[in-house]
Amino acid sequence: KAGVTQTPRYLIKTRGQQVTLSCSPISGHRSVSWYQQTPGQGLQFLFEYFSETQRNKGNFPGRFSGRQFSNSRSEMNVSTLELGDSALYLCASSLYHQSATNEKLFFGSGTQLSVL
Amino acid sequence: AQSVAQPEDQVNVAEGNPLTVKCTYSVSGNPYLFWYVQYPNRGLQFLLKYITGDNLVKGSYGFEAEFNKSQTSFHLKKPSALVSDSALYFCAVRDKSGGSYIPTFGRGTSLIVHP
């Protein structure tokens, strides 16, 4: 079974631009969560999608948005990029939404975003 | 509110020696607790979790963790470290009784195992 796939692996953007990151969950998994990882802050929760609906959202500005498609693939968009958005963005999938279960998360390898 | 602390940014241990990576947590009710490991240029991989029952939880790659309710701790342990265990380790907590059902992760502890 293929794991969680994130594309692209690396991205370099300049301030003010926008970016879209993609995540394909494990086959059959319907929940996709996004996290931002930085050396100083560790993992910060962005949002969770389940069955094309946003279930929960972390404490990030509205420039960060996402969506989920009917095949459970998810995209995350960041508009008007700032230098502080440079981070590793991780996607994680699970069978059910996290309020319904205590199961583990399966993470992708992440997209390393650098904002210049 | 729930929170988790990993008090050590880095842990150094010699190969063959036992290792401990510390984690303490705070939740309103009872916790679900998790350990994940991240190897360079990879995503996080699940190691083990505590849900209920036996306080000693065994996980992947020979790791185990001990849940201590009175000390609100969930330290990760391994009897004999390998160089290949060198990685970044994350502890995560989630409150069983509701609130935010999204797990909160610690900042991570870098484990370095010296040959």
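For the structure itself, look to the data block above.
Criteria and cut-off values
- Residues numbered from 1 in each chain as written.
- Chains lettered and ligands numbered in written order.
- Predicted model: local features only at pLDDT ≥ 70, side-chain atom pairs only at ≥ 80, totals over all residues.
- Heavy atoms only, no water.
- Phe/Tyr/Trp six-rings, centres within 6.5 Å; stacked < 30°, edge-to-face > 60°.
- Helix = DSSP H or I, 4+ residues; strand = E, 2+ residues; numbered from the N terminus.
- Buried < 20%, exposed > 50% of the residue type's maximum accessible area, 1.4 Å probe, protein only.
- Lys NZ or Arg CZ within 6 Å of the ring centre and 35° of its normal.
- 1 Å grid on protein atoms, 1.4 Å probe; cavity = no way out; pocket = protein on both sides within 12 Å on 5 of 7 lines; lining within 4 Å.
- Points joined across faces, edges and corners; volume = space filled by probe spheres on them.
- Contact = heavy atoms within 4.5 Å.

Here we look at the packing of aromatic side chains
Geometry of an aromatic ring pair is reported as the spacing of the ring centres plus the angle between the planes.
Phase 1 of the analysis: For the coordinates displayed, the defined rule picks out 14 aromatic pairs over all chains.
Phase 2 of the analysis: Measuring from centroid to centroid gives 5.7 Å for Tyr36(B) and Phe105(B), while their planes differ by 50°, and the two rings are tilted. Pair noted here: Tyr36(B) is in strand β5 (residues 31–38) and Phe105(B) is in strand β11 (residues 104–105), with a separation of 69 residues, a long-range link. For the pair Tyr36(B) and Phe105(B), a shared accessibility class is recorded, and that class is buried.
Phase 3 of the analysis: Judged by centre distance (4.1 Å) and plane angle (20°), the rings of Tyr50(B) and Phe67(B) are stacked. With a gap of 17 residues between them, Tyr50(B) in strand β6 (residues 44–50) and Phe67(B) in strand β8 (residues 64–68) connect regions that are remote in the sequence.
Phase 4 of the analysis: Under the relative-accessibility criterion, Phe67(B) is labelled buried at 6%.
Phase 5 of the analysis: Put simply, the rings of Tyr35(A), Phe45(A), Phe107(A), Phe34(B), Tyr36(B), Phe46(B) and Phe105(B) touch in pairs and so form one group of aromatic residues.
Phase 6 of the analysis: Looking at Arg9(A), its charged tip hangs above the ring of Tyr10(A), at a distance of 5.1 Å from the centre.

A few points about the layout of surface pockets
Phase 1 of the analysis: Roughly 330 Å³ of internal volume is contained in the largest pocket.
Phase 2 of the analysis: Leu43(A), Gln44(A), Phe45(A), Pro103(B) and Thr104(B) are, among the 20 residues lining the largest pocket, the residues nearest its centre.
Phase 3 of the analysis: Looking at the lining of the largest pocket element by element, the count peaks at three residues for strand β5 (residues 42–50) of chain A.

So, the environment of Gly58(A)
Residue and element names in this part refer to chain A.
Phase 1 of the analysis: Looking at where glycine 58 falls in the secondary structure, it is placed in the loop between β6 (53–57) and β7 (64–68).
Phase 2 of the analysis: Linking glycine 58 and threonine 38, residues 20 residues apart in sequence, is a C-alpha distance of 15 Å.
Phase 3 of the analysis: With sequence-adjacent residues up to four places away left out, glycine 58 is seen in contact with Phe45, Leu46 and Phe47.

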